[in-house]
Amino acid sequence: MSVKGIETKVLGTSATDIGIAAEIMRGGGLVAFPTETVYGLGAEAFDDAAVARIFEAKSRPSFNPLIAHITGIEAARTLCDVSDEAERLAAAFWPGALTLVLGKRDGTGISPLVTAGGPYLAVRAPDGDVVRSLLQEVGRPVAAPSANLSGQISTTTAEHVLAGLSGKIDAIIDGGPCPIGVESTIVGFDGAPRLLRAGGLPVEAIEACLGTRLVRGHADGRPVAPGQLESHYAPGASVRLNAIEAQENEFLIGFGEVKGHASLSETGDLTEAASRLFHILHKADASGRPIAVAPVPESGLGLAINDRLKRAASPRQ
Ligand code: TXA
Ligand code: MG
């Protein structure tokens, strides 16, 4: 399904309009909405196809994992293993400009595209009446990156969002400018608490709350490149790309005319392929066989799919 050339509804912040936005998201649509940091581009986080459309709308060349926006700590506990330190930070700073990357629990129903197939899930309870009402109405976690085209800066007004995404998303809630204007601070817990991205909540406040210094991603202060994190899914088996036929014992992942043992999309639809990618990689991996993958065109979401497949195929560090 293409998301280009659709009419983008501009909604206000009345209860009626927030209800309309929630309805659109529950039906698999994409809605941009204001948070206290920047505008987010949201889809219901359990809906594989809707989450795939986020990447298409943003023209993201790779599947960076997305933040699941939730109403608060109770929702976080249903989705993740929340450590004591994470509990403390959430109690101090949620709702607010803090994202916690935590071990994802099994069987949550969160689309694997949200975690880029990995075992860690980023969660944040954003602040602001509009986004809080919206999350309440949707009734489920909302996966949302910043509402900008890939490679462009985050957006803090509805006009900026529309300049990039008009015609590619179903609706936007115009809630005026975002008060903080930079993205949330991200803290990971893959060991000692680590600063993964500096952002709207000062690091000093986090360190004062924990009583320890956060491990920094890079000495020069650059955020950790998310694609390089070990949290990203890499199958255990070898992966051979551009395969037309399975050799010997291989599990062939098909696309279009190459049928395979499971197909990313029999009709060659790249959005469908993206929505199935991590499910099928897991399935292929679970077969215990070497994996081969049919060629996927290098256009549209194919760039992100191929980026992920190339990384899956590259030798393990
Ligand atoms: O303030 C914000 O955080 C805004 C608003 C909309 O909430 N969102 C935002 O999302 O900035 P995005 O996708 O533009 O940036 C999220 C960052 C990305 O660098 C992503 O790689 C990282 O969070 N991230 C998300 N899930 C992760 C995970 N499981 N492990 C490591 N990094 C993760
Ligand atoms: Mg962003």
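Trainee: Help me understand the overall build of the protein chain, please; the structure alone is not making it clear to me.
Mentor: When its secondary structure is counted, the protein chain shows 9 helices and 16 strands. Relative to the 2.2 N^0.38 estimate, which gives 20 Å for 317 residues, the radius of gyration of the protein chain is 19 Å and therefore close to what a compact globule would have. Principal axes of the C-alpha set define a box for the protein chain whose edges measure 55 × 45 × 35 Å. Here the protein chain holds 317 residues, and the buried ones make up 52% of them. Split by element, the accessible area of the protein chain, about 13,500 Å² in all, is 51% carbon and sulfur.

Trainee: Looking at this structure, I do not really get helix H9 (residues 302-313). What am I missing?
Mentor: An α-helical segment advances 3.6 residues per turn. Residues three or four places apart therefore align on the same side. Taking 1.5 Å per residue, 12 residues should reach 16 Å; H9 reaches 16 Å between its end C-alpha atoms and fits that length. If you follow the buried residues of H9, they end up packed against strand S13 (239-240), helix H8 (270-286) and strand S16 (291-293).

Trainee: Can you walk me through the sheet that holds S16 in this structure?
Mentor: In a beta sheet, neighbouring strands are held together by backbone hydrogen bonds and run either parallel or antiparallel to one another. Here we have 4 strands laid out as an open sheet, ordered S13-S16-S14-S15, and parallel in their pairing. Each of the sheet's edge strands pairs with one partner strand only, and the pair in question is S13 and strand S15 (262-263). Pairing of strand S14 (residues 251-254) with S15 involves 2 bridges; the strand directions are parallel. Counterpart to isoleucine 253 in the pairing with S15 is alanine 262.

Trainee: Explain the packing of H8 against H9 here, please?
Mentor: Relative orientation of the contacting elements H8 and H9 amounts to 20 degrees, with a least axis distance of 9 Å. The pairing of H8 with H9 is recorded here as roughly parallel in orientation. At the point where H8 passes H9, the crossing takes the left-handed sense. Seen from H8, the contacting residues are Leu270, Ala273, Ala274, Leu277, Phe278 and Leu281; seen from H9, they are Gly302, Ile305, Arg308 and Leu309. Considered class by class, the residues forming the contact of H8 with H9 number 8 nonpolar, 1 polar and 1 charged.

Trainee: How should I be thinking about the pairing of strand S11 (residues 194-197) in this particular structure?
Mentor: The side chains of a regular strand alternate, residue by residue, between the two faces of the sheet. One ladder, built from 3 bridges, connects strand S10 (residues 185-188) with S11; its direction is antiparallel. Along S11, the bridge assignment pairs valine 187 with leucine 195. The turn linking S10 back onto S11 is made up of 5 residues. Of the pairings in the sheet, the one linking S11 to strand S12 (residues 215-216) comprises 2 bridges and is parallel in character. Paired with leucine 195 across the strands is arginine 216, a residue of S12. Regarding topology, helix H7 (residues 203-210) serves as the crossover connection from S11 to the parallel S12, and that connection is right-handed.

Trainee: How do you make sense of the packing of aromatic side chains when you look at a structure like this?
Mentor: To describe a pair of aromatic rings, one takes the distance between the centres and the angle between the planes. Tallied over the entire structure, the rule returns 2 aromatic pairs. Pairing phenylalanine 63 with phenylalanine 278 gives two aromatic rings, centres 6.1 Å apart and planes at 70 degrees, and the pair type is edge-to-face. Here phenylalanine 63, found in the loop between helix H2 (48-58) and strand S4 (67-69), pairs with phenylalanine 278, found in helix H8; they are 215 residues apart in sequence, far enough to count as distant. An identical accessibility class is assigned to phenylalanine 63 and phenylalanine 278; each is buried. Linked through ring pairs, Phe55, Phe63 and Phe278 together constitute an aromatic cluster.

Reading guide: rules and limits
Numbering of residues starts from 1 in each chain and follows the order in which that chain's sequence is written. Chain labels run from A onward and ligand labels from 1 onward, assigned in the order the entries are written. With the structure being a predicted model, the display of local features is reserved for residues of pLDDT at least 70 and the display and counting of side-chain atom pairs for 80 or more, all residues being used for whole-chain, interface and lining totals. Excluding hydrogens and water, the side-chain figures rest on all heavy atoms present in the structure. Segments assigned H or I by DSSP are reported as helices when at least four residues long, segments assigned E as strands when at least two residues long, and all are numbered from the N terminus. Each radius of gyration reported is based on C-alpha atoms, and the globular scaling rule is 2.2 Å times the count of residues to the power 0.38. Relative accessibility under 20% of the residue-type maximum defines a buried residue, over 50% an exposed one, and the middle range a partly exposed one, all with a 1.4 Å probe and only protein chains included. The accessible surface values rely on the Shrake-Rupley method and a 1.4 Å probe; as for residues, cover is taken only from the protein chains in view. Every helix has an expected span of 1.5 Å times one less than the residues it contains. Residue contacts are counted whenever heavy atoms from the two residues lie within 4.5 Å of one another. Two strands are said to pair when DSSP picks up at least two bridges between them. Axis geometry follows a simple rule: fit a line to the C-alpha atoms, using only the stretch in contact for helices, then measure angles between N-to-C directions, giving values from 0 to 180 degrees. Each angle gets one of four labels, with under 35 degrees taken as roughly parallel, over 145 as roughly antiparallel, 65 to 115 as roughly perpendicular, and the rest as oblique. Working rule for handedness: look at the near helix, and if it is turned counterclockwise from the far one by less than a right angle, call the crossing left-handed; if clockwise, right-handed. All amino acids are sorted into three groups, where Ala, Val, Leu, Ile, Met, Phe, Trp, Tyr, Cys and Pro are nonpolar, Asp, Glu, Lys and Arg are charged, and the leftover types, Gly among them, are polar. Handedness of a crossover is defined as follows: with both strands directed away from the viewer, a clockwise route from the first strand across the helix to the second makes it right-handed. Under the pairing criterion, centres of Phe, Tyr and Trp rings, with the six-membered ring standing for Trp, must be within 6.5 Å; the plane angle then separates stacked pairs below 30 degrees from edge-to-face pairs above 60, leaving the rest tilted.

By themselves these figures say nothing about function.
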